[in-house]
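# Structural overview
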Amino acid sequence: MKILIAEDETELQKSIATYLERDGNVCEMASDYHEALYKIDLYEYDLLVLDINLITGSGLDILKLLKRNRSETPTIIISANNSLDDKLEGLDLGADDYLTKPFHLAELNSRIKAVLRRGKFGGNDRLEFHEISIDTRSRTAYVNEHALSLTRKEFDLLLFFVTNKGRVLSKEIIAEHLWGDHSDLADNFDFIYVHINNLRKKLTEAGAKYIKTAYGSGYKFVEA
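The name given to the protein chain in an unreviewed UniProt entry is Response regulator transcription factor, and the organism recorded there is Flagellimonas profundi.

Strands sit in the order S8-S9-S10-S11 across an open sheet of 4 strands; the sheet is antiparallel. The strands lining the two open edges of the sheet, one partner per strand, are strand S8 (126-129) and strand S11 (146-147). Strand direction decides the pairing type here: strand S10 (residues 140-143) and S11, joined by 2 bridges, are antiparallel. Within the sheet, the bridge partner assigned to tyrosine 142 lies in S11 and is alanine 147.

As a further point, take the pattern of salt bridges. Counting across every chain of the model gives 15 salt bridges. Note that lysine 113 and aspartate 23 form a salt bridge whose closest N and O atoms lie 3.0 Å from each other. With lysine 113 in helix H5 (residues 105-118) and aspartate 23 in the loop between helix H1 (10-22) and strand S2 (26-30), the pair connects residues that are 90 residues apart, well separated along the chain. For aspartate 23, a relative accessible area of 29% gives the class partly exposed. For glutamate 44, the salt bridge is made with arginine 167, and the minimal N-O distance between the two is 2.7 Å. Of this pair, glutamate 44 sits in the loop between helix H2 (33-42) and strand S3 (47-51) while arginine 167 is found in the loop between helix H6 (152-163) and helix H7 (171-179), placing the two residues 123 residues apart along the sequence. The network of salt bridges with common partners includes Glu7, Glu9, Asp51 and Lys101.

Conventions used here
- Residues numbered from 1 in each chain as written.
- Predicted model: local features only at pLDDT ≥ 70, side-chain atom pairs only at ≥ 80, totals over all residues.
- Heavy atoms only, no water.
- Pairing = 2+ DSSP bridges.
- Helix = DSSP H or I, 4+ residues; strand = E, 2+ residues; numbered from the N terminus.
- Salt bridge = Lys/Arg side-chain N within 4 Å of Asp/Glu carboxyl O.
- Buried < 20%, exposed > 50% of the residue type's maximum accessible area, 1.4 Å probe, protein only.

Written as structure tokens, this is what we have:
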């Protein structure tokens, strides 16, 4: 999953990102209110980890903007403030969870998984699309109950396609989602073609032909 960590404590920010990336997530970071707003406006995220007390503003104000814009991006608030009023305000503004500092990174990771299960995955660790089954906990994909041999990026790409089925995804959106800030360093998107072609070949050989090219626009995952 692609996660934005809006946290002004640099060491905590890096620790969260490192821990979550070990679990297969792509993490981007924002160190203050304005950087967080800029990235939220520019990119799409599967989840936000949002500190209330950012250097140049309040995370609660970001929540208010998200609510005003009817954003459906799941959000977990982290805060050193254990005030019941802050917790209630954050949850009333649409936050999916609230975690008080200090906390164990394993707990944050478990809460992230729980929020994503409730949202994107309908409360399950397993995502189904016709004969395709994706186990998000074990990071394994199946076609007609036969396991596919996928690389980490191929699995992430398949999950991204299935959770955005029917939607045209440009090469830029795919690269940004799977590689985060590092995608800006690429001179071209040849690496996207390689990953998509490899995934499409493996799915086709297994009898699942759903990745279609939208000429001039990108790709989409649709029924044959």
